[in-house]
Amino acid sequence: MTSDTLDFGTELAAYTAGALLKAVENGELTPEQLDRAKGAMRAGAVIARRGPDGTFLIQIGSVAAVEGHIFDLPSLAADWEADMN
């Protein structure tokens, strides 16, 4: 495992956590659903999918999903953009 992998994993986890907290603040996710999502993450019930256009989806059990774009993750944005050129 490289430090780049650790940076990406940490960055993706922080992005996902931030999106879940924002969803609670916006009323899109209840505190109870957030607790269930945390439990699903602890249990390893997380699936990540990446689309060919740079989008990604993090599915957390059956409770929540977080969508984003690779440009939201600086550790990968430059590499992805270079690959596209």
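Our subject is the structure listed above.
Owing to the predicted nature of the structure, the values given are computational and were not obtained by experimental measurement.

Regarding the pairing of strand β2 (residues 55-60)
Link 1 in the chain: Only one face of β2 is covered, namely the one carrying F56, I58 and I60; the face carrying T55, L57 and Q59 has none of its residues buried.
Link 2 in the chain: As paired strands, strand β1 (residues 46-50) and β2 are joined by five bridges and run antiparallel to one another. Directly across from R49, in β2, lies its bridge partner L57.
Link 3 in the chain: As consecutive antiparallel partners, β2 and strand β3 (residues 64-69) are separated by three residues, and within that stretch G61 has a phi angle of approximately 55°, a positive value.

Here we look at helix α2 (residues 31-42)
Link 1 in the chain: When the terminal C-alpha atoms of α2 are compared, their 17 Å separation across twelve residues agrees well with the 16 Å that a helix rising 1.5 Å per residue should span.
Link 2 in the chain: If you check which residues of α2 are buried, you get L34, A37 and A40. Along α2, the residues classed as buried sweep out an arc of 115° about the axis, all on the same side. Relative to its buried face, α2 has exposed residues pointing more than 90 degrees away, namely E32 and R42.
Link 3 in the chain: After α2 finishes, the residue G44 shows a positive phi value of roughly 80°.

Let's talk about the pairing of β1
Link 1 in the chain: With zero of five residues buried, β1 is to be regarded as a mostly surface element.
Link 2 in the chain: Hairpin connection between β1 and β2: a loop of four residues separates the two successive antiparallel strands, and G54 in this loop has a positive phi of roughly 95°.

Thoughts on the packing of aromatic side chains
Link 1 in the chain: Tallying each qualifying case throughout the model produces one aromatic pair.
Link 2 in the chain: Centre to centre, the rings of Y15 and F56 are 5.5 Å apart; their planes meet at 70°, and the pair counts as edge-to-face. With Y15 in helix α1 (residues 3-25) and F56 in strand β2, this residue pair connects regions lying 41 residues apart in the sequence.

Some words on the nonpolar core
Link 1 in the chain: Counting residues in each nonpolar core, the largest one holds 14 residues, and the members touching the most others are L20, L29, I58 and I60.
Link 2 in the chain: When neighbours within four sequence positions are excluded, L20 is seen to be in contact with L29, L34, M41, I60, A64 and V66.

Here's the deal with the side chain of T16
Link 1 in the chain: Within the secondary structure, T16 sits in helix α1.
Link 2 in the chain: In contact with T16, other than residues within four places in its own chain, are I58, I60 and V66.

Quick notes on the rules
Residues numbered from 1 in each chain as written. Predicted model: local features only at pLDDT ≥ 70, side-chain atom pairs only at ≥ 80, totals over all residues. Heavy atoms only, no water. Buried < 20%, exposed > 50% of the residue type's maximum accessible area, 1.4 Å probe, protein only. Helix = DSSP H or I, 4+ residues; strand = E, 2+ residues; numbered from the N terminus. Pairing = 2+ DSSP bridges. Expected span 1.5 Å × (residues − 1). Arc of directions from axis to C-beta. Phe/Tyr/Trp six-rings, centres within 6.5 Å; stacked < 30°, edge-to-face > 60°. Core = buried A, V, L, I, M, F, W, Y, C linked by side-chain atoms within 4.5 Å. Contact = heavy atoms within 4.5 Å.

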